[in-house]
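Observations on chain architecture
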Amino acid sequence: MTRLFSPFGGAAQSSGGGGEPIAGESGPEFTWVLGKLTRIDYDSGNYKVLSYNVDGLLSVSDYHVGSVITRQTFFYNVDNSINRIEQVVI
């Protein structure tokens with residue numbers, strides 16, 4: 001299921017909303033590469049992997065919980081403002 005989110009909060013085309021906190025996660029450890037946050041590891045063993053486009057903007061966030069990955073893909077307008085965020089569980 002793909003969920004589309006408005007960058008201004010709330011769903012653009014389905015229930016739910018963007019930017020929800022990750023319930024129960026603690027002790028994040030951050031990995032930075034060339035000034036970009038690339039990974040967040042949590043005490044639970046869950047983690048996020050962040051990827052960037054050629055303009056240096058966040059393009060994909062993969063949240064790994066066991067064998068389940070929740071992927072958020074970020075789309076931008078020509079002025080680099082966020083157009084939408086699509087979320088899918090893979």
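Residues numbered from 1 in each chain as written. Predicted model: local features only at pLDDT ≥ 70, side-chain atom pairs only at ≥ 80, totals over all residues. Heavy atoms only, no water.

To continue, consider the confidence of the model for the protein chain. For the protein chain, per-residue confidence averages 82 on the pLDDT scale, and residues scoring 70 or more make up 74% of the total. At the low end of the mean pLDDT range in the protein chain sits strand E1 (residues 2-5), at 46; at the high end sits strand E4 (residues 47-52), at 98. Predicted confidence is poor over residues 1-21, with pLDDT under 50, and the contacts of this stretch with residues over four places away or in other chains come to 38 contacts. (pLDDT = per-residue confidence, 0-100. Helix = DSSP H or I, 4+ residues; strand = E, 2+ residues; numbered from the N terminus. Contact = heavy atoms within 4.5 Å.)

Where strand E2 (residues 29-33) lies against strand E3 (residues 36-41), five bridges are found, and the strand directions are antiparallel. Note on E3: the bridge partner recorded for Val33 is Lys36. In this antiparallel pair of consecutive strands, E2 and E3, the connection spans two residues, and Leu34 shows a positive phi of 50°. (Pairing = 2+ DSSP bridges.)

Inspection of every chain in the model, using the stated rule, returns three salt bridges. For the salt bridge of Arg71 with Asp62, the shortest nitrogen-to-oxygen distance reads 2.6 Å. What makes Arg71 partly exposed here is its relative accessible area of 29%. Judged by its relative accessible area of 10%, Asp62 falls in the buried class. Residue Arg84 is joined to Glu86 by a salt bridge in which the shortest nitrogen-to-oxygen separation is 3.0 Å. For Arg84, a relative accessible area of 28% translates into the label partly exposed. Using a relative accessible area of 23% as the deciding quantity, one classes Glu86 as partly exposed. (Salt bridge = Lys/Arg side-chain N within 4 Å of Asp/Glu carboxyl O. Buried < 20%, exposed > 50% of the residue type's maximum accessible area, 1.4 Å probe, protein only.)

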